[in-house]
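Each chain, written out:
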Amino acid sequence: MGKITGFKEFERKDETYKAAKERVGNYNEFTIPLNKDEITKQGSRCMDCGIPFCHSACPLGNLIPDFNDMVHRGEWKKASWILHTTNNFPEFTGRLCPAPCEQSCVLGIIADPVSIENIEKNIVERAFAEGWIVAQQPSARTGKKIAVIGSGPAGLAAAQQLNRAGHLVSVFERDDAIGGLLRYGIPNFKLEKEIIDRRIAILKEEGIEFYTNVNVGVNYSVEKLNKFDAVVLCGGATQRRSLPIEGINAKGVVQAMTFLKQQNKRNSNIKFCEEDILATNKNVIVIGGGDTGSDCVGTSNRHGATSVTNFEIMPKPPIGRSESTPWPFWPIKLKTSTSHEEGCDRNWLINTKEFIADANGKLTALKTIQVEWIYENGQRPMLKEVSGTEKIWPCDLVLLALGFTGPETTLSTQLGIEIDDRNNYKSTNYQTNIPHIFTAGDMRRGQSLIVWAISEGREAAKKVDEYLMGYSNLPSKGDGDLPPM
């Protein structure tokens, strides 16, 4: 795969970024792509490694060496064809996936791994530019009607796969636009919404029907839902984690997803009823060190915040791989995002104890304490506060980016679906305790990655197809089935 000596001849090169001062002035994507010749060289770095660990690391089982080889050979259309056999939406994963495949790349043992994610993005963008990505309508219809609840990546993947099997698919979204967290969670500077719109246009042309502002169990009865031959629940894990401490209700303590959703609506000129939440000229503290916290940092900088501070309760990770996460495992190491680089004071081992408000209930500061994690005798680590380390941090806006505790219970309660001990919708082979109702994505497995959501949607679709028809020709992960060109 690739050029036999390519990994010796060419160094890894990634796309670069516009300068921070320039990019924080707007909400556009700010990457500067490599030219075609350079991308070809990057594909040439893929080794003929015998056992491509990138396959097993990718939840989709992407045929990575195969599309890298096509890029090396200049066969871009074939590369797109191979990429789309396992991944419905590489334009999303090519921008947003943390690329576990790269961390398992065999070349990564001795050098920088192959830039798989960027190659993937370049393949799909060229495919769109060349007009190679077109609607694929099924040759025949089964007459079976399927409802997909939720239009995030899991729901969209399930819908496209089931439509390809010939079923009549309706997607219900409770928000006013299709895309789930792609639409109203991921900032535009990471994913411009036109990228979603062009893919939705193709799905509509393929025959999938979309309905927005439909909240099943609220303004659309579950009795109507049960009239479908099968249902796939892909509503995500949307229960936001909070902090049960004094002052949590102070004006200025805001959930991260509320803050991010508002900005995405502003960018699309969509009105919302809530009061504007802006970081402009404010001292902002973001609690939570994950991707959502990073997105809040980048958005706050674009608002023109006076300062942005980030708290994380866990220790600062090492810069490189540690002995506890050797190749080919996912490494626990320090991640510095482009948003962090734009301006952020990052703090680790910090626990928030209290939000402090004035007489009018407006946030003015918060109190923290330093913590340490105690590891003893193989037991679960214990959190211990360090006495004498209390500190008051003046702030005007706090953004809670603490993750999610699981899916909402509206549908599970009304439909009678069992949940597991982590509050996720319980299933066996994606099928719930109600035979015609299936579930996939974060609603089934808990908060996870976009690449897992697409994989879950694809796998659930196959199980639904088997349930309805007694068999399925839809591929599973690792099948490597290549459709005719």
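Residues numbered from 1 in each chain as written. Predicted model: local features only at pLDDT ≥ 70, side-chain atom pairs only at ≥ 80, totals over all residues. Heavy atoms only, no water.

Student: So, the overall build of the chain: which residues are in play, and what are the values?
Tutor: Regarding its fold elements, the chain presents 19 helices and 18 strands. With the principal axes as the frame, the chain shows a C-alpha extent of 65 × 65 × 55 Å. Out of the 485 residues belonging to the chain, those deemed buried represent 50%. Considering only intrachain contacts with a sequence separation of at least 6, the fraction spanning at least 24 residues in the chain is 68%. Taking the average place of the 57 positive charges on the side chains of the chain and the average place of its 59 negative ones, the gap between the two points comes to 1 Å. (Helix = DSSP H or I, 4+ residues; strand = E, 2+ residues; numbered from the N terminus. Buried < 20%, exposed > 50% of the residue type's maximum accessible area, 1.4 Å probe, protein only. Contact = heavy atoms within 4.5 Å. Lys, Arg positive; Asp, Glu negative; His and termini not counted. Charge placed at Lys NZ, Arg CZ, Asp CG, Glu CD.)

Student: Quick rundown of the environment of Thr306? Include the residues and the values.
Tutor: Positionally, Thr306 belongs in the loop between helix H15 (291-303) and strand E10 (307-312). A residue is classified by how much of its surface remains accessible, and Thr306, at 55% relative accessible area, is exposed. In this structure, the C-alpha to C-alpha distance between Thr306 and Glu192, residues 114 residues apart in sequence, is 26 Å. If sequence neighbours within four positions are ignored, Thr306 has contacts with Asn281, Lys282 and Asn283. Of the polar contacts made by the side chain of Thr306, one reaches the backbone oxygen of Asn281; its length is 3.3 Å. (Polar contact = N/O pair within 3.5 Å; in protein donor to acceptor, adjacent residues only side chain to side chain.)

Student: Lay out helix H9 (residues 116-130) in plain terms, naming residues and giving numbers.
Tutor: With 15 residues, H9 extends 21 Å from end C-alpha to end C-alpha; this agrees with the ideal 21 Å at 1.5 Å per step. Burial within H9 is extensive, with 11 of its 15 residues counted as buried. Within H9 the residues assigned to the buried category are Ile116, Glu117, Asn118, Ile119, Glu120, Lys121, Asn122, Ile123, Val124, Ala127 and Phe128. One or two residues past the end of H9 sits Gly131, with phi positive at roughly 80°. (Expected span 1.5 Å × (residues − 1).)

Student: An account of the packing of aromatic side chains is requested, with residue identities and associated values reported.
Tutor: A complete count under the given rule lists nine aromatic pairs for this structure. An angle of 65° between the planes, with centres 5.6 Å apart, marks the rings of Phe438 and Tyr467 as edge-to-face. Taken as a pair, Phe438 in strand E18 (residues 437-439) and Tyr467 in helix H19 (residues 450-469) lie far apart in primary sequence, 29 residues in all. We classify Phe438 as buried; its relative accessible area is 1%. Here the aromatic cluster, defined as three or more aromatic residues joined through ring pairs, consists of Phe172, Tyr211, Tyr220 and Phe228. Above the face of the Phe189 ring, Arg302 is positioned so that its terminal group lies 3.9 Å from the ring centre. For the cation-ring pair, Lys391 lies above Trp393, with the distance from its terminal atom to the ring centre recorded as 3.9 Å. (Phe/Tyr/Trp six-rings, centres within 6.5 Å; stacked < 30°, edge-to-face > 60°. Lys NZ or Arg CZ within 6 Å of the ring centre and 35° of its normal.)

Student: Lay out the nonpolar core with the relevant residues and their values.
Tutor: Counting 41 residues, the largest nonpolar core has Phe92, Ile146, Val148, Leu191, Phe210, Val232 and Val464 as the members making the most contacts within it. Counting only elements with at least two residues in this core, the list comes to helix H7 (90-96), strand E3 (145-149), helix H10 (153-164), strand E4 (168-172), helix H12 (193-206), strand E6 (230-233) and H19. At eight residues, the largest contribution of residues to this core is made by H19. For Phe210, the contacting residues outside a window of four places in its chain are Leu156, Val171, Ile178, Ile200, Leu203 and Lys204. (Core = buried A, V, L, I, M, F, W, Y, C linked by side-chain atoms within 4.5 Å.)

Student: How would you explain the sheet that holds strand E8 (residues 253-255) if you had to name every residue and give the values?
Tutor: For sheets, the rule is that strands pair by backbone hydrogen bonds, running either parallel or antiparallel. Here we have five strands laid out as an open sheet, ordered E8-E16-E9-E10-E11, and parallel in their pairing. Since the sheet does not close on itself, it has two edges, and those belong to E8 and strand E11 (345-348), each with one partner. Averaged over all pairs of adjacent strands, the angle between strand axes in this sheet comes to 20°, irrespective of strand direction. When strand E9 (residues 283-287) meets E10, the two strands line up parallel, connected through five bridges. When the sheet's bridge partners are listed, Asn283 is paired in E10 with Ser307. Here H15 sits on the sheet in contact with E9, E10 and strand E16 (397-400), set at roughly 165° to E9. (Pairing = 2+ DSSP bridges. Axes fitted to C-alpha atoms, helices over the stretch in contact; angles between N-to-C directions.)

Student: Let's hear about the sheet that holds E18: which residues, and what values?
Tutor: Spatially, E5-E4-E3-E6-E18 is the arrangement adopted by the five strands of the open sheet, whose pairing is parallel. Across the chains shown, the open sheet's two edge strands, defined by having one partner strand only, are strand E5 (209-211) and E18. On average, each strand axis in the sheet is inclined to that of its neighbour by 20°, with strand direction left out of account. Pairing geometry for E3 and E4, over five bridges, is parallel. The residue bridging Ile146 from the neighbouring strand is Val169, located in E4. Most of the contacts of H10 go to E4, to which it runs at about 165°, and overall it touches E3, E4, E5 and E6. Contacts between H19 and the sheet are confined to E3, E6 and E18, with E18 contributing the most and set at about 165° to the helix.

Student: Break down the packing of helix H14 (residues 256-267) against H15 for me, citing the residues and quoting the values.
Tutor: For the pair H14 and H15, the least separation of the axes is 10 Å and the interaxial angle reads 50°. Regarding the angle of H14 to H15, the classification is oblique. Remark: the crossing between H14 and H15 carries left-handed chirality. Contacts from Ala256, Met257, Phe259, Leu260, Gln263 and Arg266 in H14 reach Thr292, Asp295, Cys296, Thr299, Ser300 and His303 in H15. Tallied by class, residues from the contact of H14 with H15 come to five nonpolar, five polar and two charged. (Parallel < 35°, antiparallel > 145°, perpendicular 65-115°, else oblique. Left-handed = near helix turned anticlockwise from the far one by under 90°. Nonpolar A, V, L, I, M, F, W, Y, C, P; charged D, E, K, R; others polar.)

Student: Summarise the side chain of Glu29; cite the residues concerned and give the values.
Tutor: In this fold, Glu29 is placed in the loop between helix H2 (20-23) and strand E2 (31-32). For Glu29, a relative accessible area of 16% translates into the label buried. A polar contact is formed between the side chain of Glu29 and the side chain of Arg95, at a distance of 3.1 Å. In contact with Glu29, not counting residues within four places along its chain, are Arg95, Asn188, Phe189, Lys190, Leu191, Glu192 and Ile195.

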